[in-house]
Amino acid sequence: PGGPTLHYDVADQAYYSPALDEIHMPPIEGHRSAEGFYSTAFHEAGHSTGHTSRLAREGVRGTDKFGSHAYGKEELAAEMTSSMLCAETGVDTDAIFANSAAYIGSWLETIKADPKMVIGAAAAAQKAADLVLEPTREARADLEPPTLDDHNVAVNGHLVAEPRADAEPEAA
C-alpha cells in the first residue's frame, strides 16, 4: 500500500490523521534543527504505518484516549520507529537521542503498568521501520519536500539526510 499524504501546513504541532491518512508537519524552518524535523517526520510516519491499509495497529485504528494502554503503546512504537529510522539515515544525534529518551520517559507510568508493553511496542516499531524503508512504499506530497543544500539521502524518493560516514553501501 502507498504511504500517507504529506502536508507542510501547521505552525507548531505535527500530527498524523488516521481518518484522512495524512501527516501534517510544520515546515523545516519551524524546527530547532534539520535532525529534529526528520525525527518528528519519522515519528509521524511510524504512526501512519498503523493505518488499517497497512499494519492495522490497535492504537491507530481504534479510538483510544490519551493515556490509555493502547495509546501509550502506539506512542512508544512511533517513537521507537523514529529512533530506528534516525539511526538508519544518520540523523541520530545526541540531542535527538536525549529528546527521544525524554519522550519515552514521559510514558513511564503507562510502561510500569505493563512492562511487556515495551516488547510489543519494539516489535511493532521494527515492523513499522521495515515498512517505511520498503522501496515500494512512496509517500504522496501536496507540497515539495523541504530542501537542504547539505542533505541528500532519499528514503522512498523523499529527501532525508546525508549518508552516515560509517554506512555500508547496499548490495544491488
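Please read these numbers as outputs of a predicted model, since none were measured by experiment. (Residues numbered from 1 in each chain as written. Predicted model: local features only at pLDDT ≥ 70, side-chain atom pairs only at ≥ 80, totals over all residues. Heavy atoms only, no water.)

Trainee: Even after reading the chapter, I still don't get the overall build of the protein, so can you show me in this structure?
Mentor: A tally of regular secondary structure across the protein gives 6 helices and 6 strands. The burial tally for the protein puts 43% of its 172 residues in the buried class. Long-range pairs, those at least 24 residues apart, make up 58% of the contacts in the protein with a sequence separation of at least 6. As displayed, the protein offers around 9,500 Å² of accessible surface, 54% of which is attributable to carbon and sulfur atoms. (Helix = DSSP H or I, 4+ residues; strand = E, 2+ residues; numbered from the N terminus. Buried < 20%, exposed > 50% of the residue type's maximum accessible area, 1.4 Å probe, protein only. Contact = heavy atoms within 4.5 Å. Areas by Shrake-Rupley, 256 points an atom, 1.4 Å probe, with all protein chains shown as cover.)

Trainee: Just checking my understanding: could you explain the packing of aromatic side chains for this structure?
Mentor: Considering all chains together, one arrives at 3 aromatic pairs under this definition. Aromatic side chains Y71 and W107 sit 5.8 Å apart centroid to centroid with 35° between the ring planes, which places their arrangement in the tilted category. Within this pair, whereas Y71 is found in helix α3 (residues 69–89), its partner W107 is found in the loop between α4 (94–105) and α5 (108–113), the two being separated by 36 residues in sequence. Counting every residue linked through ring pairs, the aromatic cluster contains Y8, F37 and Y38. (Phe/Tyr/Trp six-rings, centres within 6.5 Å; stacked < 30°, edge-to-face > 60°.)

Trainee: Honestly, the pattern of salt bridges in this entry has me stumped. Any pointers?
Mentor: Where charged atoms of side chains with opposite charge meet at close range, the side chains can pair. Following the criterion strictly, the structure yields 3 salt bridges and no others. D21 is the partner of R54 in a salt bridge, and the nearest nitrogen-oxygen pair spans 2.6 Å. Within this pair, whereas R54 is found in the loop between α1 (34–48) and α2 (58–61), its partner D21 is found in the loop between β2 (15–17) and β3 (22–24), the two being separated by 33 residues in sequence. Take R54 and D21: they sit in the same class, and that class is buried. With its nearest N and O atoms 3.9 Å apart, the salt bridge here joins E109 to K112. (Salt bridge = Lys/Arg side-chain N within 4 Å of Asp/Glu carboxyl O.)

Trainee: For this particular structure, what's the right way to read the side chain of T81?
Mentor: Inspection of the secondary structure puts T81 in helix α3. By relative accessible area, which is 0% here, T81 ends up buried. Polar contacts involving the side chain of T81 include one to the main-chain carbonyl oxygen of A77, which spans 2.7 Å. (Polar contact = N/O pair within 3.5 Å; in protein donor to acceptor, adjacent residues only side chain to side chain.)

Trainee: Hey, could you run me through the confidence of the model for the protein in this one?
Mentor: For any part of a model where pLDDT is low, the fine detail of the predicted coordinates should not be relied upon. Predicted confidence across the protein gives a mean pLDDT of 80, with 74% of residues reaching 70 or more. Contacts for the low-pLDDT stretch residues 148–172, under 50 throughout, to residues beyond four places or in other chains number 50 contacts. (pLDDT = per-residue confidence, 0-100.)

Trainee: Help me understand the packing of α1 against α3, please; the structure alone is not making it clear to me.
Mentor: Helix-helix packing is characterised by the crossing angle of the two axes and by the distance between the axes. Two elements in contact, α1 and α3, have axes separated by 7 Å at closest approach and are oriented at 130°. Relative to α3, the element α1 is oriented oblique. Regarding α1 and α3, the two cross each other, and that crossing is right-handed. Between α1 and α3, the residues in contact are S39, F42, H43, G46 and H47 and E74, E75, A78, E79, T81, S82, L85, C86 and T89, respectively. Here the contact of α1 with α3 is composed, by residue class, of 4 nonpolar, 7 polar and 3 charged. (Axes fitted to C-alpha atoms, helices over the stretch in contact; angles between N-to-C directions. Parallel < 35°, antiparallel > 145°, perpendicular 65-115°, else oblique. Left-handed = near helix turned anticlockwise from the far one by under 90°. Nonpolar A, V, L, I, M, F, W, Y, C, P; charged D, E, K, R; others polar.)

Trainee: Before we go on, may I ask you to explain the packing of α3 against α4 in this structure?
Mentor: Interaxial distance between α3 and α4 falls to 10 Å at its minimum, and their mutual angle equals 170°. If you check the angle between α3 and α4, you find them roughly antiparallel. Judged by the twist between their axes, the crossing of α3 over α4 is left-handed. Contact residues: E75, L76, E79, S83 and C86 in α3; I96, S100, Y103 and I104 in α4. Looking at side-chain class alone, the contact of α3 with α4 contains 5 nonpolar, 2 polar and 2 charged residues.

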